[in-house]
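Fold and geometry: a report
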Amino acid sequence: MNHAAALSAHAESPHHDQHALGGWTPLKVGMASFLFSEAALFATLIVAYLKFLGQDDGGPTPEVLNVGRELVAVILLLVSSITVQFASRDLARGRCTSCTVGVILTFILTVGFLIVTGLEWRELIAVDGLTINRNLFGSSFYTLFGFHLGHVLAGCVMLLIMMGIAFSGSLNARSSPGMEAIAWYWHFVNGVSVTLFLVVYVITR
Amino acid sequence: MATTVAVPEMTDKSPRRSSLLEWVTTVDHKRIGIMYLLAALFFLVCAGTEAALMRIQLWKARFDFLEPDTFNQLFTMHGTTMVFFVGMPILVGFGNFLVPLMIGARDMAFPRMNAFGLWMFILGGLLTYYSFLQGGAPDVGWFAYAPLTSATFSRGMSTDYWILGLMTSGLGTLSGGINFIATILTMRAPGMTFGRMPLFIWMMLVDAVLIVIAFPPLTAAQTMLLLDRQLGAHFFDPQQGGSAVLWQHLFWFFGHPEVYILILPAFGMISEIIPVFARKVIFGYESVAAATVLIAFIACGVWAHHMFALGLSRTIDIFFSGSTFLIAIPTGIKMFNWIATLYGGKIRFQTPMIFCLGFLAMFLIGGLSGVMLAAVPFDWQASDTYFVVAHFHYVLFGGTLFGIFGGFYYWFPKMSGRLMNETLGKWNFWLLMIGFNLTFFPMHISGLMGMPRRIYTYDPELGVDIWNQLSTIGVLVQAAAFIVFAVNLIGSLRSGERSGDDPWDAWTLEWLTTSPPPAYNFEVIPAVRSRRPLWDLKHPEDPDWEHE
Ligand SMILES: [Cu+2]
């Protein structure tokens, strides 16, 4: 491999590592690209929702939505964004116990979100008769919020995995990049939640 | 290499079987890349057979070789297969094999996710083809327009197989795109700045960004369609206020960038091959890279040129016509770059190069008919005729597939350690060139004479029998070309001439290591000072970095 050896001698050149991207590890770039694709996904679903808004001949309209209750759900998720950020920061600083506490708090807040959403959906289905096949509003509303809910559930699985690692006693600084990626994902999902709230419950209702 | 150790041929049976297991469980980017290529070649045989059956049916007016609904299944599966299970996997396969080698990395950024992508693609392909055993394949066209796809018109499961198969393989494609972005942005060898990346790497990076932008809308649209079919949602059901036009918008918002996803890596391949065989550096490196970024940018704003016949509105038509014309500018820049690279070069007419020259000629024809179709009034005349079929085959077959063939002949030695046979390569090229043009050039004429696409037969009064017969004969010639390729591939794998590490006297990093490369790629991580690190190494008296 004399060729390679000769080339590597050039590594001492002033251009060495010129291309390095700050603190951007492969995991961070990968996660950012993934979240970018997720943004494209939700943008498409929001376009479909707006396209069909007010196009129905009959059935429930967005007026049946309970703004106050959804606001509670969104706030629960927003607070969980703070706790997950603390958990991620603590792990990076080697404080495993307080990281575990942060993850558990995040999980509890998320369960709270799921309960509130469950109440909202139960009322929509049982009282207002809004189902996915009732009318276009039902189709696009449940698809949009269903996708978001799926993302929250996926986040729950990630949190459960972190808890499993913590309770098996193997949580250490080596898990920190993974925890940070989870935090990024979580902030994204919660950002989507705020966007959906603003678009569906506030602006176009 | 300085030290070459003769490895005894393995003849014992048991190590062979364990090596098959090794291949199936591998996370090595080179093996994953090669498996992508092999699986895609398998699907190429499927799609080619489907095309040949259609061409037999179209041999003469009112021929009854195939049932109409069989014909619908065949054109749907041919298009779906070529786009999702042949074109993209071959390009992703080359990308997998080459990207880490070209940037001097040990592997892709996420090797296990890489294997995940491969197996999702294979699963998606098999899922789609399984529909043949479940009462019939999808028959709604590769674009699956509503309301043909509604539960009313598409009974049975075929459309659901189409949705689920493409979602599955799409997930694999997306994971591949993310992997390419992370690998290229963070794992380049010391000294390899953006301005020194091989152009193939530039194209793969832009390609991956397009994948990340274009696939999620398709997934969203397919989810809506699945909900329509399975849970009674109304997205694409005009009877209930839904919109069939929305499907077209969402599909083509994916579909047009998809065309660029299919062509950009081929652009990258010929941007690597042409300079090596013209013995010159690429003309205007910066403008090729910039034009690629520009193409990707414009490609996201031209989708409705597939919908001119819909009658959207004058304003919308004018906007999308204009943006489509615009795309000819960066594409034209690249054509001039490649031709200027050839100009004054000491051209070696070996097989990889003649496929690139074929690419330039054929892609030019496809590009020009594309400019014709960008004019709305012309498009209204030619829409849904064989003229359009001719256009996109000149782009995706004459362009992408010719580039891929060039890539096979060029990088096969790196993958296998052996050269492909030059004589068979020339036969392969000329048979393909003649067969391809015999098949697709007459379609311009039959199309302008009014022959509609996606219809199982045509009227004798149309007077297009002769053009269809030429097309069908062309398929026979193409089949001969593919057989020559298969013979060459298998024969060269077994007993091809040993290639050595750098058979073409090339300049990019993949030729620095052995052929085939070891699992770890490079013994020493190479450092880079110019766009042609191997040139610098071979010519220390006149290195590129003094001039760049
Ligand atoms: Cu297009």
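Please read all numbers here as calculations on a predicted model, not as lab measurements. (Residues numbered from 1 in each chain as written. Chains lettered and ligands numbered in written order. Predicted model: local features only at pLDDT ≥ 70, side-chain atom pairs only at ≥ 80, totals over all residues. Heavy atoms only, no water.)

Another point: the coordination of the copper ion. All names here are of chain B. Distances from the copper ion to its protein donors, His256 (ND1), His305 (NE2) and His306 (NE2), fall at 1.8 to 2.0 Å. When the donors of the copper ion are listed by position in the chain, the intervening gaps give H-x48-H-H. On the criterion of sequence distance, the pair formed by His256 in helix 7 (residues 244–278) and His305 in the loop between helix 8 (285–299) and helix 9 (314–342) is long-range, its members being 49 residues apart. We note that His256, like His305, is buried. (Donors = N, O, S within 2.8 Å, 3.2 Å for Na, K, Ca; no water. Helix = DSSP H or I, 4+ residues; strand = E, 2+ residues; numbered from the N terminus. Buried < 20%, exposed > 50% of the residue type's maximum accessible area, 1.4 Å probe, protein only.)

Attention shifts here to the packing of helix 6 (residues 199–231) of chain B against helix 8 of chain B. All names here are of chain B. Between helix 6 and helix 8, the least distance of the axes is 10 Å, while the angle of their chain directions is 10°. Compared by their axis directions, helix 6 and helix 8 come out roughly parallel. On the side of helix 6, the interface is formed by Leu199, Trp202, Met203, Val206 and Leu210, while helix 8 contributes Tyr285, Val288, Ala289, Thr292, Val293 and Ala296. (Axes fitted to C-alpha atoms, helices over the stretch in contact; angles between N-to-C directions. Parallel < 35°, antiparallel > 145°, perpendicular 65-115°, else oblique. Contact = heavy atoms within 4.5 Å.)

A few words on the pattern of salt bridges. Residue and element names in this part refer to chain B. Tallying each qualifying case throughout the model produces 16 salt bridges over all chains. Across the pair Arg31 and Glu22 runs a salt bridge whose closest N-O atoms are separated by 3.6 Å. Here Asp502 and Lys538 are joined by a salt bridge, their closest N and O atoms 2.6 Å apart. Residue Asp502 is located in the loop between helix 14 (465–495) and helix 15 (533–538), and its partner Lys538 is located in helix 15; the two are separated by 36 residues in the primary sequence. Classification of Lys538 as partly exposed rests on a relative accessible area of 26%. The network of salt bridges with shared partners includes Arg279, Asp502, Asp505 and Lys538. (Salt bridge = Lys/Arg side-chain N within 4 Å of Asp/Glu carboxyl O.)

Our focus in this paragraph is the domain arrangement of chain B. All names here are of chain B. Here chain B is partitioned into domain 1 (26–189) and domain 2 (197–348). Computed over C-alpha atoms only, the centres of domain 1 and domain 2 are separated by 18 Å. Interface of domain 1 and domain 2: buried area, both sides summed, is about 3200 Å²; carbon and sulfur atoms make up 80% of it. For the domain 1 face of the interface with domain 2, the top three residues by lost area are Leu91, Met102 and Tyr145, together amounting to 18%. (Domains from an automatic or database assignment. Buried area = accessible area lost by both parts, 1.4 Å probe.)

Summary statistics for chain A give a mean pLDDT of 89 and a share of 90% for residues scoring 70 or more. Long-range and interchain partners of residues 4–19 of chain A, a stretch whose pLDDT sits below 50, account for 30 contacts in this model, where long-range means more than four residues apart. (pLDDT = per-residue confidence, 0-100.)

Geometry of an aromatic ring pair is reported as the spacing of the ring centres plus the angle between the planes. Residue and element names in this part refer to chain B. One pass over the structure, following the stated rule, counts 67 aromatic pairs over all chains. On the basis of an interplanar angle of 65° and a centroid distance of 6.0 Å, the ring pair of Phe71 and Phe75 is categorised as edge-to-face. Pair noted here: Phe71 and Phe75 are both in helix 3 (residues 68–103), with a separation of four residues, about one helical turn. By relative accessible area, which is 1% here, Phe71 ends up buried. Judged by its relative accessible area of 16%, Phe75 is buried. Geometrically, the ring pair formed by Phe402 and Phe429 is edge-to-face, given 6.2 Å between the ring centres and 85° between the ring planes. Taken as a pair, Phe402 in helix 12 (residues 386–416) and Phe429 in helix 13 (residues 422–448) lie far apart in primary sequence, 27 residues in all. Comparing Phe402 with Phe429 shows no difference in burial state: the two are buried. The ring of Tyr285 has Arg531 sitting right over it, with the charged end atom 3.8 Å from the ring centre. Positioned above the aromatic ring of Trp507 is the side chain of Arg532, whose terminal nitrogen or guanidinium carbon lies 4.3 Å from the ring centre. (Phe/Tyr/Trp six-rings, centres within 6.5 Å; stacked < 30°, edge-to-face > 60°. Lys NZ or Arg CZ within 6 Å of the ring centre and 35° of its normal.)

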